[in-house]
Structures are given as structure tokens and as C-alpha cells.
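# Observations on the model geometry
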Amino acid sequence: MDFGSINPALLIASIMISATPILLAAIGEMVVEKAGVLNLGVEGMMITGAVVGFAVAVTLTSPGFGFVAAAFAGAALSLVFALLTQFLLSNQVATGLGLTLAGLGLSSLIGKPYEGMKSPPMPKLDIPVLSDLPIVGRMLFSHDAMVYVSLLLVVAVWAFLKYTRAGLILRAVGESHDSAHALGYKVIPIRIAAILFGGACAGMGGAYLSLVRVPQWTEGMTAGAGWIALAIVVFASWRAGRVAVGAYLFGGVTVLQLNLQAAGANVPVSLLSASPYIITILVLVIISARGVHGAPASLGRSFHATH
Amino acid sequence: MDTPLLSINGLTKAYPGVVANDSVSFDIGESEIHALLGENGAGKSTLVKMIYGLVQPDNGTMTMRGAGYTPSKPSEARQSGVAMVFQHFSLFDALDVAENVALGMETPPPMRDLARQIREVSETYGLPLDPSRTVGTLSAGERQRVEIIRCLLQDPKLLIMDEPTSVLTPQEVDILFETLRKLKAEGTSILYISHKLEEIRALCDHATILRLGKNVGTCTPSETTAREMAEMMVGSSFAAPQAQNKVLGNVLLSVKGLSQPAPGSFGTPLREIGFDLRAGEVLGIGGVAGNGQDELLAALSGERLSETGMVRLKGSDVSRMGPNARREAGLLSGPEERLGHAAAPDMSLIENGVLTASRRMGLLSNGFISWGKSRAFAEDVIERFDVRTPGPHVAARALSGGNLQKFVVGREIVQTPDVLVVNQPTWGVDAAAAAFIRQSLLDLAAQGSAVLVISQDLDELMEVSDRFGALNEGRLSSIRPVTELDIEQIGLMMGGAHDMEVAHVDG
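Residues numbered from 1 in each chain as written. Chains lettered and ligands numbered in written order. Predicted model: local features only at pLDDT ≥ 70, side-chain atom pairs only at ≥ 80, totals over all residues.

### Description of the overall build of chain A
Looking only at helices and strands, chain A has 12 helices and 0 strands in total. Each helix and strand of chain A, placed in order from N terminus to C terminus, yields the pattern α-α-α-α-α-α-α-α-α-α-α-α. With the C-alpha coordinates aligned to their principal axes, the bounding extent of chain A is approximately 70 × 50 × 45 Å. Put simply, chain A has 307 residues, and 48% of those count as buried. (Helix = DSSP H or I, 4+ residues; strand = E, 2+ residues; numbered from the N terminus. Buried ≥ 20, exposed ≤ 12 C-beta atoms within 10 Å, placed from the backbone.)

Below you can see the structure in the form of C-alpha cells.
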């Protein structure tokens, strides 16, 4: 066994890369759930974002356009979910599962011609001074823009929900759609906006996989990342900060166990492979064991105005 | 008379199959407390929703201080100075008081200023409230204060209150009335919706009475008797329940030291409850919602088992028996929640009858349901309790609240139980049907059954009960004959009279 082969600076850097797709998807889903909608289609929206982002980035040789296209693709798929659940009042759990299956199928259809190609490289940011710092510069400040976008998004979502009136209304809709309706807030448009935001975030998360992390297109490449994002939202008690902790923890353990495998650690490989899932859920359960869990009270319930 | 504050002219609103309001007209003057009276389904809610902009009228006009008033959504109504305190509170349990207030305002100030304003207004009007408390932890009375303060912060010209006292103790009602009188003195008009006639007589300047969507008359409540107003509401005279001369028999139900932990985070534990219930007796149990009523019913019906020796029926211990065994032994119960607890919403009345009456009424043969007998049983209940329904095959969900209530209470009474426990037997039921259900309970007791009525309606309890006790935080007060009680003592019993700890209320 050779732990010396693990370079801490590289390790931290690859943890950030590894956590970003899940963080993007999870923070989007958290907003959706805060509005009282349970969209289980995160996996489907991620993989659709991954393939569309990859296709557009390759065609235009621009990863930036790839991310934009992925956000639109994820949002478009979530719009289907929104129409079905908000207007036709279909069951959110079943519709979300259907969305995942549809997304997986659609993505392999779109992705066929792009298999084996390599994505155009995402430029690394070169932040003056910060990027030049020894070790820390390479560890934290030499990533592509999306890493920082995802972290800014966490802060923005936290501030939006905590300090803005629009955020308060969004939470109110998720807590009691009947009360919100009685006060004159438009429950369905607010929920649709949240669903679209969640779809766009999931799409970008998927594109990060195919454009930066891997970076190429293979069928089914999200490999359950969407489900992990969903679990992180729940175990993070619907709080932005904890979602970030959960995503980084999962990313961290994933990278660490890969390094341990490479270093030939004396642990069964299957146990190492399972460790990110087990440790993430364990830690988040311990964090949320005390106090209120804070599930939005109207989560997963269909709203139909009657008066 | 001067220009009225709000003048309503020929408002009409029809829904498919029903005209909720049929050219209703009346005026609300400046600084006036105006009562809107009517039974369930008389169209009060629809009318109020039109004034508050939640529903648009098909026909008719409203004018405010002479100018046209056509709110197309609640925020426009709020801008015109109309505020509303809802019957089913429009609050968010997981948010704090200040956030809840902000959600009901058009242009709320920053949170820090808002918290200060909430404190100021709550002190001015004698409604103490901490802006940082989470609403889910407040008592029903405090929750209502949140709604009232939310309205007051917007300086309303007209405050609409939809059945505000249904969840309050008598002391809390007094505080509320003080607040309303103070508001009136400051020039705010109030539209007060209720079917508690004594309250309206004590508080209101004028009353408009609705029946079947039409304005059937106005009166000055202080000069009209409660009975006259009730008859205007119902459209005919109805008989108040008559208690017969009581001959009490043996103790049928005996509860001793009944304690149970709270069933969930918003539930109430039962603490050392004890009472005896005799044949022919009606025991009324009052209390503000969420003080253990549901838990007591569950412990008596057998939904939650208690420890050996706590519940005895006709001398034998039934504490460890489930609901079916207790039913067979003669202890029947009717829970508060009609849809989902007392009745399965999507099952027919016949099936719902089978669910509680199968054993006692012999509706089973060799384990199979005899549908013929079941149908006859359901028809019997429908017939005897005047349940308005196209037939026994109709789903429980399709019945109106009052009719379903008559069915679920009637279903138990027809089985002639030895002991009947009911929670809120007339909740949301109109006056005539409520009087009928109360009379049925009295008749059942007169036949030698023992009846336990849990209710939040004190007038109802005073009407039917022989003895009265109150639940407070899961404790039962001492039980006393109603003839010895006045409203002051009842209030103290309901308040627990030992401390001011806030009760948990399930939103």
C-alpha cells in the first residue's frame, strides 16, 4: 500500500470536481421541494442535460454554450413534469419516475452519434493572485467557472429563501398551498417556476459530468447521481448549507475511495465502492437526528383550487 | 344615513347546480359591527370571498364610500382597506409569527421593523404575541391573534371575521370582543360572521341574515331574541332538545388513572384521567381544541390500547381490547374527523355501515358479508336520521358535511350501544341538523345508554350534558353537574386554572 501516491492538493481539487454535479442537481431539487413539489425525475433531467450539453458543446466547440443548452434541456424536460403534475394533477411520484425513465431513453437516442468523442476542454479560471498561491491556489482557485457557479448558487439560494420576500412566498407555498392561495398567491405559477429552476440546475449538473468530469459521453453515465442528489436534499433537512456539505462529503468520499483503491488499500473493493453512499447518508442522518426535520408540509401534494 | 362604508347591491354568484348567492344586498356603515348570519351552505363564505376578491360575482355591484369597488384578487381588496381573518386559519406552521404576518401584507417593512410593529400593535390591543415564535407551537387563540395583527397592521377600513370564536375559551372571547370594540371606537367597521347568536347579540350593531343564498332580513341583534334570529336563519321554528327526567342506573364505563404518552410530536399526552359514566347519563367534556380530545377518544374506542385496569366496561376490563372487541362488548364511538376517520370517503354508505356495525347488527354470516342486511341497515340509518342522499350506494365523500355527520352518528346510535363516545358530534352541521343529533343523543341516554360527548361547543355541552368536565393539556378537571356551573367557572376549568403553559394545537 502506498499512501504517498495521494497528493493532497490534487485530492481536494478532484473532490470539488466530483461534488459539483451533485451539488448543482441537489440545490435545484431543494428549491423544487421547498415549493412543495417532489420531482423524482432528477436522474432523467441530469442525463438529458449531460447529452444535450455534450452535443451542443461538441457541435459549437464551446462548453459554455453546452452548459446553457443543458440548462434549457433540463428545464424543458421538467416542464413536461410541471404540466402533468400541476395542470393535469397526475401523481408526482409516478410522474417523476416516468421522467427518469424517459430521460434515460431519450439521452441514449440523442447520444448515439456522439459516443467516443471528446468534449472541448473547459477553460480553467486564472484568478490573479489567488490562483498563484502555492498549494491552495492549485487546490481551490484553479477550477473551471462552473465549480464557483455552483457554490455561488448555494449562497444565492440560501439568501433567496432566507431574506427575500419571493423566497418567503415560495416557502409559504410549500408549507400550505391552501393558506397561500387564500392569501392570494398564485400557487401553480410559483411551483412551475420552481420546477423549471430545478430542471435547469439538474441539466447543468449532468452537463458537468459529460463536459468536465469524465469528459465524454457514455450511455447511462449519471449512474445514480440524480438519486444521490435527491437523498442529499432529504437528509440535509432542506437546508442549502447542509446540501453543500452533503454533496462535498459524497464527492470527497468517492474520490478518496478511488485513490485508496489505486493505492491498493487492504479493504474489499466493493466495500470501498459502497462507502460514499453509506458515509454520506450516515453523516447527514447524524446531523439531522436532533430537532425538526423541516420537510415542507405540502411536499408531494397536488394543489387544486376550489372556491 | 351617511354614505355607507361598503354597499353591496344585488350580488349573485352561481356554481354549477347551485346558486350560492342570489342578488344579495346590504350596507355596512362606518364604525359598525355588522353580523352576517346563516346556516352552513347559506352562502356566507361565497359572499365574503367576493368582498375579499377571491371570487368574482356573476352579477351585482359593490361600492365603497360611494366609489365602485371590484376587487379581482385579494391584494386589490387589501389595498382598498379590506382585511380578513379566516375561519380555517391561513397560517403556515413552520414559519415564525413575523413571516406569517409579512405574507399577508402588501408591502411589508423589513423584518426588524415588522417585529417591532407587531410588538407595538399587540400591546396596544391587548393581544400579547412574540414575533419570533414558530406558529406551529402556538395555541389556537394565539394563532388567531397572528391573523388579527396581520390585518391590523394594514390599517383596515373593513375587517372581515369568519367564525372567530369557534376555537376560543370564554376568557379569550372576552379579550377578542374588547379588541373589536376598541377597533370600532377607532372607526374600523367589522363584518362578523358567526352562527353563535348570543355572541352576535352581545357584540353587533346590525345583522344581515342569509338563507339559501338570499338575504331574508336584517335586524338589530340587541333588540331581537336569539330564538327569533335562529328561526329567521332556518326558515321555520325548530325544537330545542328536551332533557327528560333522569333516572341514573349502574356505572357502565369506568376510567381510572388513564395515562398515555403523546401519539406524535403535535399530540397531547393523557394524564391521570378518571371518571365514571352511568346508564342514562350524558357526560360532556369540553376544552379548547388540541388538549387531548382526539387522544381520549382513541383511548376509549380502542384505537390506542391502554394499560390493564384503566378502562372498564360494565365491570370488565377492556383496556387491552381493540376497537372491534370493544364494539362487540357494547362500547361504540364516533370520532371527530368525518372523512377519513369516521367514514371511508370513497366507500358507499352501505360499506361504511358494515365497517362499524358488522358484528353488533349481525351483518356477517360465516365470515361473509350479507349485503342484503347491510343495505337494510344503511337504509334504516338514512331513514331514521333524515340523511339527504340519493341512496345508500352513494360514496360517503359525495354527501355534504352535515348529512354525512348525521349518518356517522346515526350509524352508532341505531346499534343501541351500552356506551357511546362521540367527539364533536355536530361540528360544521347546521342548526336544525345539530338540534336533531343532540336530541338523538338525549333519546339514546333516555333508553338507558351512557353517552360521553366531547365537544368544543360549550352551548352544545350545556344543552345535552348532565355533568361537565374539561380537558386541559391532557388532564381532566373535576366533573361537576352542569346546573352548578356558570360560564366563568367553565372558563377556569378549560384553562386548567393551574398554569398558563401553552397547549399544543395540531394545525
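### Comments concerning helix 11 (residues 349-357) of chain B
Residue and element names in this part refer to chain B. For helix 11, a buried count of 7 out of 9 residues is recorded, marking the element as mostly surrounded by other parts of the structure. Those residues of helix 11 that fall on the buried side of the exposure criterion are Leu 349, Ile 350, Asn 352, Gly 353, Val 354, Thr 356 and Ala 357. Each element contacted by the buried residues of helix 11 is listed here: helix 10 (323-329), strand 18 (368-369), helix 12 (371-384) and helix 13 (401-414). (Contact = placed C-beta atoms within 7 Å.)

### Re the interface of chain B and chain A
The extent of an interface is frequently quoted as the accessible surface area lost upon association of the parts. With 17 residues of chain B in contact, the opposing surface of chain A contributes 13 residues. Secondary-structure elements contributing two or more residues to the side of chain B that touches chain A are helix 2 (74-79) and helix 3 (97-103) of chain B. Counting residues per element, the side of chain B that touches chain A draws most heavily on helix 3 of chain B, at 3 residues. Split into classes, the residues belonging to the side of chain B that touches chain A amount to 10 nonpolar, 3 polar and 4 charged. (Nonpolar A, V, L, I, M, F, W, Y, C, P; charged D, E, K, R; others polar.)

### Things to note about the sheet that holds strand 6 (residues 82-85) of chain B
Residues and elements named next belong to chain B. Across the sheet, which stays open at both edges, the 6 strands sit in the order 6-7-8-3-9-10 with mixed pairing between neighbours. Strand pairing shows two members of the sheet lacking a second neighbour, strand 6 and strand 10 (214-219), which therefore form its edges. Pairs of neighbouring strands in the sheet enclose a mean axial angle of 20°, with direction left out of account. Of the strands in this sheet, strand 6 and strand 7 (158-162) are in contact with helix 5 (residues 140-152), which crosses strand 6 at around 180°. Sheet strands in contact with helix 6 (residues 170-185) are strand 3 (33-37), strand 7 and strand 8 (189-193), and its direction is about 145° off that of strand 8. (Pairing = 2+ DSSP bridges. Axes fitted to C-alpha atoms, helices over the stretch in contact; angles between N-to-C directions.)

### A few points about the environment of Tyr185(A)
All names here are of chain A. Considering the arrangement of structural elements, one finds Tyr 185 in the loop between helix 8 (177-182) and helix 9 (187-213). Note on Tyr 185: 19 C-beta atoms within 10 Å, which makes it partly exposed. Considered as a pair, Tyr 185 and Val 173 are 12 residues apart in the sequence and their alpha carbons are 8.0 Å apart.

### Considerations on the domain arrangement of chain B
Residue and element names in this part refer to chain B. Examined at the domain level, chain B breaks down into domain 1 (6-234) and domain 2 (262-494). Averaged C-alpha coordinates put domain 1 and domain 2 at centres separated by 32 Å. Each partner contributes residues to the interface: domain 1 has 12 residues there, and domain 2 has 15 residues. Elements that contribute at least two residues to the side of domain 1 that touches domain 2 include exactly helix 6 and helix 8 (226-234). The leading source of residues in the side of domain 1 that touches domain 2 is helix 8, at 3 residues. Split into classes, the residues belonging to the side of domain 1 that touches domain 2 amount to 6 nonpolar, 5 polar and 1 charged. (Domains from an automatic or database assignment.)

### Things to note about the nonpolar core
Core analysis: the largest hydrophobic core is formed by 229 residues, its most contacted members being Ile22(A), Ala26(A), Ile232(A) and Ile160(B). The dominant element in this core, judged by the number of residues it contributes, is helix 9 of chain A, at 16 residues. The two domains that each donate at least three residues to this core are domain 1 (6-234) and domain 2 (262-494) of chain B. (Core = buried A, V, L, I, M, F, W, Y, C linked by C-beta atoms within 7 Å.)

### Describing the sheet that holds strand 5 (residues 67-68) of chain B
All names here are of chain B. Pairing within the open sheet is antiparallel, and its 4 strands lie in the order 2-1-4-5. At either end of the open sheet lies a strand with only one pairing partner, and these are strand 2 (18-28) and strand 5. Alignment of strand 4 (residues 59-64) against strand 5, held across 2 bridges, turns out to be antiparallel. Considered in strand 5, the bridge of Thr 63 is made with Gly 68.

### Observations regarding the pairing of strand 7 of chain B
Regular strands place side chains that alternate from one sheet face to the opposite one. All names here are of chain B. For strand 7, the tally of buried residues reaches 5 of 5 residues, placing the bulk of the element in the interior. Every second residue of strand 7 is oriented toward a common face, with Leu 158, Ile 160 and Asp 162 on one face and Leu 159 and Met 161 on the other, all of them buried. Pairing geometry for strand 6 and strand 7, over 4 bridges, is parallel. Within strand 7, the residue paired with Val 82 across the bridge is Leu 158. Judged from the 5 bridges that link them, strand 7 and strand 8 form a sheet pairing that is parallel. Within strand 8, the position partnered with Ile 160 by the bridge is Leu 191.

### Remarks on unusual backbone geometry
For Leu89(A), which is not glycine, the phi torsion reads 55° and is therefore positive. Structurally, Leu89(A) can be placed in the loop between helix 3 (63-87) and helix 4 (92-111). With 11 C-beta atoms counted inside 10 Å, the residue Leu89(A) sits in the exposed group. Residue Ser31(B) is not a glycine yet carries a positive backbone phi of 50°. Counting through the fold element by element, Ser31(B) comes out in the loop between strand 2 and strand 3. Judged by local crowding, Ser31(B) falls into the partly exposed class, with 14 C-beta atoms found within 10 Å.

### Digging into the environment of Gly184(A)
Following the sequence through the fold, Gly184(A) ends up in the loop between helix 8 and helix 9. Overall, the presence of 20 C-beta atoms within 10 Å leaves Gly184(A) in the buried class. Taking the C-alpha atoms as reference points, Gly184(A) and Pro120(A), separated by 64 residues in sequence, lie 49 Å from one another. Not counting the four nearest positions on each side in its chain, Gly184(A) is found in contact with Lys73(B), Pro74(B) and Ser75(B).

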